[in-house]
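If you want the building blocks of each chain, they are given just below.
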There are 6 protein chains.
Amino acid sequence: MTDLLRLALLEDIGSGDVTTLSIIPADQRASAVVFGREPFVVSGSKPFRKIFELLDPEIRIDCPFPDGERIEPNVVVFRLEGRVRALLTGERTALNFAQRLSGIATLTRKMADAIIGTGCRLLDTRKTSPLWRSLEKEAVRHGGGRNHRFGLADGILIKDNHIAATGSIRESVRRARENAPHTLRVEIEVENIDQLNEAMASGADAVLLDNFTLDMLKEAVEIAKDRVILEASGGVNLQTVRAIAETGVDFVSCGALTHSARAIDLTMEFSVTQG
Amino acid sequence: MTDLLRLALLEDIGSGDVTTLSIIPADQRASAVVFGREPFVVSGSKPFRKIFELLDPEIRIDCPFPDGERIEPNVVVFRLEGRVRALLTGERTALNFAQRLSGIATLTRKMADAIIGTGCRLLDTRKTSPLWRSLEKEAVRHGGGRNHRFGLADGILIKDNHIAATGSIRESVRRARENAPHTLRVEIEVENIDQLNEAMASGADAVLLDNFTLDMLKEAVEIAKDRVILEASGGVNLQTVRAIAETGVDFVSCGALTHSARAIDLTMEFSVTQG
Amino acid sequence: MTDLLRLALLEDIGSGDVTTLSIIPADQRASAVVFGREPFVVSGSKPFRKIFELLDPEIRIDCPFPDGERIEPNVVVFRLEGRVRALLTGERTALNFAQRLSGIATLTRKMADAIIGTGCRLLDTRKTSPLWRSLEKEAVRHGGGRNHRFGLADGILIKDNHIAATGSIRESVRRARENAPHTLRVEIEVENIDQLNEAMASGADAVLLDNFTLDMLKEAVEIAKDRVILEASGGVNLQTVRAIAETGVDFVSCGALTHSARAIDLTMEFSVTQG
Amino acid sequence: MTDLLRLALLEDIGSGDVTTLSIIPADQRASAVVFGREPFVVSGSKPFRKIFELLDPEIRIDCPFPDGERIEPNVVVFRLEGRVRALLTGERTALNFAQRLSGIATLTRKMADAIIGTGCRLLDTRKTSPLWRSLEKEAVRHGGGRNHRFGLADGILIKDNHIAATGSIRESVRRARENAPHTLRVEIEVENIDQLNEAMASGADAVLLDNFTLDMLKEAVEIAKDRVILEASGGVNLQTVRAIAETGVDFVSCGALTHSARAIDLTMEFSVTQG
Amino acid sequence: MTDLLRLALLEDIGSGDVTTLSIIPADQRASAVVFGREPFVVSGSKPFRKIFELLDPEIRIDCPFPDGERIEPNVVVFRLEGRVRALLTGERTALNFAQRLSGIATLTRKMADAIIGTGCRLLDTRKTSPLWRSLEKEAVRHGGGRNHRFGLADGILIKDNHIAATGSIRESVRRARENAPHTLRVEIEVENIDQLNEAMASGADAVLLDNFTLDMLKEAVEIAKDRVILEASGGVNLQTVRAIAETGVDFVSCGALTHSARAIDLTMEFSVTQG
Amino acid sequence: MTDLLRLALLEDIGSGDVTTLSIIPADQRASAVVFGREPFVVSGSKPFRKIFELLDPEIRIDCPFPDGERIEPNVVVFRLEGRVRALLTGERTALNFAQRLSGIATLTRKMADAIIGTGCRLLDTRKTSPLWRSLEKEAVRHGGGRNHRFGLADGILIKDNHIAATGSIRESVRRARENAPHTLRVEIEVENIDQLNEAMASGADAVLLDNFTLDMLKEAVEIAKDRVILEASGGVNLQTVRAIAETGVDFVSCGALTHSARAIDLTMEFSVTQG
């Protein structure tokens with residue numbers, strides 16, 4: 001991750017932070033604090049800290065709260081002390097990480113809270129910002145969610161287009177069983193109850209119920225609960241998630257957690273000793 | 001950019017797309033189409049296309065509309081033809097780019113349309129997804145916006161914390177003029193009319209009016225229009241942008257264009273020849 | 001993989017192939033053939049070909065047999081035609097890949113043949129040459145073997161040291177179920193029948209029977225067959241593999257396939273047009 | 001080398017060691033020891049150590065014996081202390097290096113011992129594992145062997161195919177003298193006594209006697225000893241090496257040292273403090 | 001920069017410093033000093049130091065003078081203490097940086113001194129050694145020069161060929177104003193007084209007077225001084241620079257500072273403790 | 001090399017060629033020619049061509065003269081045709097290579113011509129621009145010079161500081177013979193006739209006569225000619241080189257060829273079709 005953070009910093013700095021280099025002396029120091037203006041769940045402390053350390057290993061950064069903590073407005077989440085140049089040059093890139101990851105954790109927290117007590121677990125998807133999936137999936141955990149497979153290598157998920165290519169659910173599951181490592185379960189996406197029955201008959205371990213209505217979900221649970229793992233997806237949002245979870249499915253997955261979370265507005269404020 | 005796209009693909013694929021490799025024959029072919037379910041402005045054709053080309057140079061991809069075009073629901077924006085394996089393996093990563101960049105272009109288009117006729121121009125900021133700034137700033141242009149500086153190297157923007165460090169607006173501008181290349185203008189952030197006057201007296205070329213009320217903006221325009229470039233920022237959204245633009249400022253800048261645009265829901269649908 | 005092959009070539013070439021550059025004219029051309037001096041199963045055509053293409057995209061390379069084919073002594077497996085310089089400079093690096101990967105495929109073929117008809121499948125391990133796991137696991141498939149998990153991300157395998165750390169098989173399986181993605185099965189290593197029973201009671205999906213005697217393996221099969229997946233490992237070689245397979249276990253895994261296969265002696269012979 | 005080791009580690013870890021992360025607490029610590037089950041010559045301490053340091057700079061690793069030392073069965077060669085997660089995650093990759101490099105050092109030691117007292121020196125070749133030549137050539141030295149040229153840049157070795165291209169031994173040597181840096185000797189491969197005579201007449205500094213019988217080697221030594229450097233190769237193994245060395249050649253080179261050494265079976269055993 | 005320095009070191013070392021490794025024991029230590037044989041302005045301390053630190057973090061390096069200081073012949077500019085191997089292996093690469101950068105600083109100092117009191121400032125250009133622009137532009141500052149834009153991204157400079165493409169100075173300036181970020185000034189190259197007038201009428205912020213005679217420069221200053229920034233270029237050397245500066249232009253730019261400065265002859269001398 | 005050229009281009013372009021992008025349409029095309037204003041020996045066609053191809057694979061580049069040819073003033077050495085954007089964006093970086101490499105070839109040509117008929121050969125050194133040694137050594141060959149070792153791996157050169165560390169010339173040569181690969185000659189630097197005698201007695205293959213007077217060189221030739229290779233260095237320039245060569249030494253080496261050659265002034269001129 002350090003290499004990517006270094007590139008991210010370089011993306012912003014280019015040939016040099018011309019404003020800071022031209023007006024701030026190399027040895028001037030300052031303290032700074034970061035806080036939000038709304039309640040949020042903090043995430044992204046690691047990249048936030050690393051960005052500054054890459055610029056100047058002597059910067060001291062204090063994170064009073066662990067990632068995953070709920071933070072009130074105007075409460076300081078990060079404190080920094082060090083050379084003004086590094087603080088100013090790293091500010092935007094570091095905040096770009098923290099504001100987005102905290103946005104994901106905050107949205108996840110709201111949805112995870114909404115299904116408390118149902119026994120259902122909230123999952124993310126692969127709809128993440130390219131190159132930052134690891135951080136975004138961690139933010140989902142900070143918000144109380146759970147991770148689906150990381151990528152294409154650590155889980156078998158047979159989708160509608162796979163089924164179209166093989167000709168049937170049965171053939172798809174058979175080939176996966178035959179060719180994929182025995183360390184992986186076989187999950188398959190279905191669109192109705194008939195397909196669910198076929199998936200179970202074919203020996204699938206888990207079934208993704210895509211865009212099922214609440215009634216269909218309930219029927220699926222009656223048929224399949226505890227025989228295969230049931231995951232509901234499609235149309236999942238803060239308004240709908242509780243009812244879906246209450247049908248008895250094991251998991252509900254939601255792409256918006258990572259692709260459409262609103263960034264948290266974070267402010268960095270300096271107390272400078274004049275140079 | 002190709003190197004980063006390759007890494008993005010690798011992030012998803014890891015040691016291999018185990019589902020596709022285990023159930024799809026190497027030589028099976030298919031066609032596919034991509035469309036949205038809501039009206040949107042398309043962006044991201046380049047990374048979308050490149051992702052598939054990295055997987056299989058023989059895939060054919062057709063983009064009937066140029067980036068920046070307004071697209072109706074269910075209208076095909078991308079057509080693909082080639083090996084099923086590459087189509088399935090690249091699908092998610094390619095869509096992750098297209099859905100986010102189209103989201104940015106769509107939001108920008110709405111805001112740019114809102115200020116048509118005012119003479120004011122809409123600007124983005126540096127609040128972008130790390131490593132994808134170039135694509136996101138391009139998406140802003142596709143939506144009818146204009147780019148602020150790319151990063152820290154190609155523009156001088158003296159912010160409140162810089163001023164705190166130097167002690168005054170005057171000293172900040174003086175140092176920038178003295179030390180920075182003569183090819184760059186000097187822009188400075190101010191918080192009230194007094195600071196605006198000091199900035200102008202110091203010889204700044206442009207002034208960022210941060211969180212000014214509409215009345216303050218109007219006063220600033222009366223004082224400074226055509227003598228320095230005026231940019232308004234803070235609290236800019238679809239509800240407020242027109243009134244801000246109508247005060248007569250030259251530019252209005254908005255971080256949400258890139259940090260909080262909602263992703264466009266894009267679907268890829270295959271027509272497969274069974275293998 | 002191309003990047004690694006490029007580095008491998010650079011490792012050999014360094015600042016230049018001083019022999020070839022000093023005595024061979026740039027435009028001299030030749031044909032060449034590659035053959036072995038013993039029967040073997042061919043593997044490594046892809047890196048063999050790619051090494052030469054990296055040196056000179058105009059070299060023509062013909063591979064009359066697909067990877068996985070049994071080849072008789074002195075039968076040509078690769079034919080090449082192109083500039084002498086590239087042929088000579090790439091020879092050693094290309095052969096280093098082909099001789100090692102063919103060695104793995106050949107050894108795997110012998111062991112896979114040894115268990116034909118038992119219903120048991122032969123697996124590789126993670127004991128591979130660093131950075132070439134993907135090629136070596138492919139060579140195992142060319143030899144008729146099957147791949148265990150690729151690495152640490154795409155399979156849960158709880159080993160003795162994991163168990164020591166958690167305190168029990170039960171607790172290990174419980175934590176894995178609780179925290180790992182639902183797309184992965186849980187496999188656990190056991191050293192005796194009691195542990196096998198505990199593993200099954202804990203809900204493991206697969207069990208690695210480590211260094212079990214043939215009698216213990218038979219007992220394990222009686223107890224657990226078709227209820228959990230059974231994998232035998234330890235002391236597996238050409239002499240022992242058939243008896244192990246005949247106990248009825250589902251899989252037998254063998255590290256020597258990749259860590260101790262003897263390289264196949266391959267020769268490249270040129271027919272040069274004098275320059 | 002550190003960059004390649006990092007990649008090797010990443011190859012195994014991928015998106016994360018899901019077993020360890022899901023069942024081992026972040027702060028649990030353990031000690032561990034590594035030992036072999038057969039006598040061997042140790043090599044690979046450096047990559048072994050580095051792999052763990054890359055994972056966790058706080059791991060302490062003690063290597064009681066220097067590389068090159070002969071180790072008895074069940075004697076501890078490496079001791080480790082640190083976080084269980086890093087110990088488990090790094091185990092396989094670190095052992096993959098140590099087991100292969102110790103295998104090379106052990107085989108080399110046997111062959112070097114076999115020619116003690118003859119005055120002949122044992123050489124390796126360029127038949128190494130791609131990207132690990134530097135480590136493998138070091139393992140050869142640990143086993144008492146000596147290194148031939150590292151690669152194509154630091155030695156002139158004119159082979160049969162080079163000669164075919166230039167038309168003669170004489171012309172090959174002439175061109176090398178004319179065009180290659182004066183800092184390099186000229187070595188040439190010959191297949192019989194006539195070619196040896198021609199090589200000497202052409203002014204070669206060293207001659208590689210390829211697949212010579214013992215009688216031919218003796219004749220070559222009579223003709224050429226102390227006038228050119230003599231290196232024997234082809235058919236060199238533990239059975240034949242002493243007789244070859246006793247003919248009086250200066251060097252005997254053997255590709256099997258690096259391409260076909262059997263890996264040493266190394267075991268890592270933990271003493272864990274339960275978490 | 002560290003990555004590039006590492007590559008530079010690798011370029012020289014290749015597979016190993018065979019001289020040093022074969023004759024110097026690993027633990028032998030020495031002191032060394034570096035000095036010039038002519039007066040010069042020192043630059044390059046940072047890469048000089050870093051090269052050795054990359055080889056051996058324990059080497060101690062003392063730079064008694066800051067970069068930019070004038071150094072007399074035979075005065076020690078760098079002192080080193082550490083392992084002989086690292087000192088010998090790093091010597092050439094480290095000196096290659098210091099001798100070139102000091103050469104640039106020395107030439108720049110002479111030209112900057114030549115225009116003292118004129119109010120004109122000396123600028124560098126983009127005619128730098130590829131990949132080392134940042135260091136070379138810093139050397140120009142060490143010599144008392146000032147930097148023009150770093151590269152193509154942080155300044156608009158419309159040249160004769162741009163003008164040919166757009167058809168006119170007016171159109172060129174218009175397009176730049178319309179499309180480029182407002183943070184950049186617009187500078188344009190002109191070849192005569194008429195073009196200067198057109199440039200000013202078009203609203204250019206700065207004008208590059210290319211190959212103007214002294215009389216033309218004086219006329220340009222009369223017309224344009226304090227209305228636009230004036231930069232003179234072409235035929236600038238130690239003989240001509242003062243007269244050009246005295247015409248009253250704001251800047252004079254000179255490519256030879258970086259493309260043709262003569263390297264300073266630096267010597268490293270060791271005091272070794274015999275090993 | 002392509003990777004480094006790509007980085008060199010990126011160094012100049014940064015986030016984008018803002019001048020060209022803002023004023024030149026994407027589809028406008030032009031022809032261009034490159035010529036010098038003084039006689040020179042051309043070198044650098046390969047990087048010149050590659051820089052443009054990296055920007056736009058469709059650019060056509062014609063090099064009427066091979067590298068190494070003497071070119072008259074105002075004679076076209078490169079012709080280009082393609083998109084104006086790529087031509088303008090690549091111009092400076094491409095010329096930076098061609099002007100420096102042609103400068104090296106031109107200076108080398110002059111010095112090589114100065115020693116024609118003496119039988120002595122002109123050598124370069126390792127005093128090259130970091131990361132571009134391969135190109136600069138090729139430019140030396142284009143100018144009629146010959147290359148010394150490429151770097152520290154492909155030649156043994158024992159210098160004064162090595163001797164100080166081992167204690168004597170004899171011991172230095174002994175260790176090198178004992179430990180270095182037999183494919184390398186042993187060259188040693190000496191400062192007077194006594195040391196030359198010691199070097200020969202120790203069995204050195206080549207001797208570097210450092211800063212010898214002409215009389216000392218003649219004495220060295222009398223003593224050692226045809227018994228060891230003799231290389232003269234120190235104080236070599238256009239005025240001195242012939243007399244040094246006429247002493248009868250085999251080689252004369254000169255660092256200034258690569259560290260202080262003046263760049264050739266090359267001009268690129270466009271013929272544009274207006275867009």
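Each chain carries its own residue numbering, running from 1 in the written order of its sequence. To read the labels, note that chains go from A and ligands from 1, taken in the order they are written. The model is predicted, so local features are restricted to residues of pLDDT at least 70 and side-chain atom pairs to those at 80 or more, both for listing and for counting; the totals for chains, interfaces and linings are taken over all residues. The basis for every side-chain value is the complete set of heavy atoms in the structure, and neither hydrogens nor water enter the calculation.

> Give me the packing of helix α8 (residues 193–202) of chain A against helix α9 (residues 214–224) of chain A: which residues, what numbers.
All names here are of chain A. Only the stretch in contact is used when a helix axis is fitted, and all axes are lines through C-alpha atoms; the angle between N-to-C directions ranges over 0 to 180 degrees. Secondary structure elements follow DSSP: runs of H or I of four or more residues count as helices, runs of E of two or more count as strands, with numbering from the N terminus. Between α8 and α9, the least distance of the axes is 10 Å, while the angle of their chain directions is 25°. One way to sum up the angle between α8 and α9 is to call them roughly parallel. As α8 runs across α9, the sense of the crossing is right-handed. Contact residues: I193, L196, N197 and M200 in α8; M216, E219, A220, I223 and A224 in α9. With respect to orientation, any angle under 35 degrees is reported as roughly parallel, any angle over 145 as roughly antiparallel, any angle of 65 to 115 as roughly perpendicular, and every other angle as oblique. The sense of a crossing depends on the near helix, which, turned anticlockwise from the far helix by less than a right angle, makes the crossing left-handed and, turned clockwise, makes it right-handed. Residues count as neighbours in contact if any of their non-hydrogen atoms are within 4.5 Å of one another.

> Before we move on, could you go through helix α7 (residues 169–179) of chain B and cite the residues and values that matter?
Burial here depends on accessible area, computed with a 1.4 Å probe over protein chains only, as a share of the maximum for the residue type. Under 20% is buried, over 50% is exposed, and the range in between is partly exposed. B:I169, B:S172, B:V173, B:R175 and B:A176 are the residues of α7(B) that are buried. With its buried residues spanning 160° around the axis, α7(B) presents them on a single face. Where α7(B) is buried, its residues touch α2 (18–23) of chain A together with β7 (156–158), α6 (160–166), β8 (186–190) and α8 (193–202) of chain B. Polar contact is the term for a pair of N or O atoms within 3.5 Å; when the atoms are in protein, one must be able to donate a hydrogen and the other to accept it, and sequence-neighboring residues count only if both atoms are side-chain atoms. At the N-terminal boundary of α7(B), the capping side chain belongs to B:S168, with an oxygen 3.5 Å from the backbone nitrogen of B:R170. Note that the arc is defined by the directions from the helix axis to the C-beta atoms.

> Describe the state of the cysteines, with residues and values.
Here, a disulfide means two cysteine sulfur atoms that sit within 2.5 Å of each other. Per the stated rule, a full pass over the model turns up 0 disulfides over all chains. We note that F:C120 lacks a disulfide partner, and the nearest cysteine sulfur, in F:C254, lies 12 Å from it.

> I'd like a description of the relation of the copies chain B and chain A, backed by residues and values.
Here the copies are matched by least squares. The fit uses the C-alpha atoms of residues with pLDDT of at least 70 in both. Once chain B is rotated about the relating axis by 180° and shifted along it by 0.0 Å, it coincides with chain A to within an RMSD of 0.0 Å. In short, the pair behaves as if placed about a two-fold rotation axis. Comparing interface residues between copies, 100% of those in chain B also sit at the interface in chain A, which points to an isologous, same-surface contact.

> Before we move on, could you go through unusual backbone geometry and cite the residues and values that matter?
Phi is positive for D:D226, which is not a glycine, with a value near 70°. Among the secondary structure elements, D:D226 is positioned in the loop between α9 (214–224) and β10 (229–233). The class for D:D226 is exposed, based on a relative accessible area of 70%. The backbone of E:N211 sits at a positive phi, close to 60°, despite the residue not being glycine. In this fold, E:N211 is placed in the loop between β9 (206–210) and α9 (214–224).

> Any chance you could break down the interface of chain B and chain A for me, citing the residues and the numbers?
At the interface, 68 residues of chain B touch 68 residues of chain A. The term buried area refers to how much accessible surface (probe radius 1.4 Å) is lost by two components on association, counted for both of them together. Taking both partners together, chain B and chain A bury about 5300 Å²; carbon and sulfur atoms supply 57% of that area. Together, B:E11, B:I23 and B:L152 form the three largest contributors to the area buried by chain B at its contact with chain A, with a combined 14%. Salt bridges are defined as contacts in which a side-chain nitrogen from Lys or Arg sits within 4 Å of a carboxyl oxygen from Asp or Glu. Remark: the boundary between chain B and chain A carries 4 salt bridges. B:R133 is the partner of A:D12 in a salt bridge, and the nearest nitrogen-oxygen pair spans 2.5 Å.

> Which residues make up the sheet that holds strand β5 (residues 76–83) of chain D, and what values go with them?
Residue and element names in this part refer to chain D. By the convention used here, strands pair only if DSSP detects at least 2 bridges between them. What the 4 strands build is an open sheet, ordered β3-β5-β1-β12; its pairing is antiparallel. A strand with exactly one partner marks an edge of an open sheet, and here the two such strands are β3 (60–62) and β12 (266–272). Across this sheet, the average inter-strand angle for adjacent strands is 15°, counted without regard to direction. Across the sheet, helix α3 (residues 45–55) is in contact with β1 (29–36), β3, β5 and β12; its angle to β5 comes to roughly 10°. On the sheet, helix α4 (residues 84–114) packs against β1, β5 and β12 and is oriented at approximately 165° with respect to β12.

> I'd like to hear about the arrangement of the chains, residue by residue, with values.
Spatially, chain B and chain D are disjoint, and the shortest separation between their C-alpha atoms is 6 Å. With no contact formed, the shortest span from any C-alpha in chain C to any C-alpha in chain E equals 6 Å.

> Describe the packing of aromatic side chains, naming the residues involved and giving the relevant values.
Residue and element names in this part refer to chain A. We call Phe, Tyr and Trp rings a pair once their centres come within 6.5 Å, taking the six-membered ring for Trp, and we label the pair stacked below 30 degrees between planes, edge-to-face above 60, and tilted otherwise. Under the defined criterion, the tally for this structure stands at 18 aromatic pairs over all chains. Taking the centre distance of 4.1 Å and the plane angle of 20° together, the rings of F48 and F78 count as stacked. Here the residue F48 occupies a position in helix α3 (residues 45–55), and F78 occupies one in strand β5 (residues 76–83), the gap between them amounting to 30 residues. For the pair F48 and F78, one class covers both residues: buried. An aromatic cluster is defined as three or more aromatic residues linked by ring pairs; in this entry it consists of F48, F52 and F78. Over the ring of F150 we find R133, and its NZ or CZ is 5.8 Å from the ring centre. In this scheme, the term charge over a ring applies when either NZ of a lysine or CZ of an arginine sits within 6 Å of the ring centre and within 35 degrees of the ring normal.

> Describe the sheet that holds strand β8 (residues 186–190) of chain A, naming the residues involved and giving the relevant values.
In sheet architecture, strand pairing relies on hydrogen bonds along the backbone and comes in two forms, parallel and antiparallel. Residues and elements named next belong to chain A. Pairing is parallel in the open sheet, where 6 strands are placed in the order β6-β11-β10-β9-β8-β7. The sheet is open, and its two borders are formed by β6 (121–123) and β7 (156–158), each paired with just one other strand. Across the sheet, the mean angle from the axis of one strand to that of its neighbour is 25°, orientation sign disregarded. Summarising the sheet, β7 and β8 pair through 3 bridges and their orientation is parallel. Paired with I158 across the two strands is I188, which belongs to β8. Packing against the sheet, α9 makes contact with β9 (206–210) and β10 (229–233), and its axis sits at approximately 170° to β10.

> How would you summarise the environment of E:G90 if you had to cite specific residues and measurements?
Residues and elements named next belong to chain E. Relative to the elements of secondary structure, G90 occurs in helix α4 (residues 84–114). Considering only alpha carbons, one finds G90 and F48, 42 residues apart in sequence, at a separation of 9.0 Å. In contact with G90, not counting residues within four places along its chain, are L9, I51, F52 and L55.

Functional significance is not addressed by these values, which are geometric in nature.
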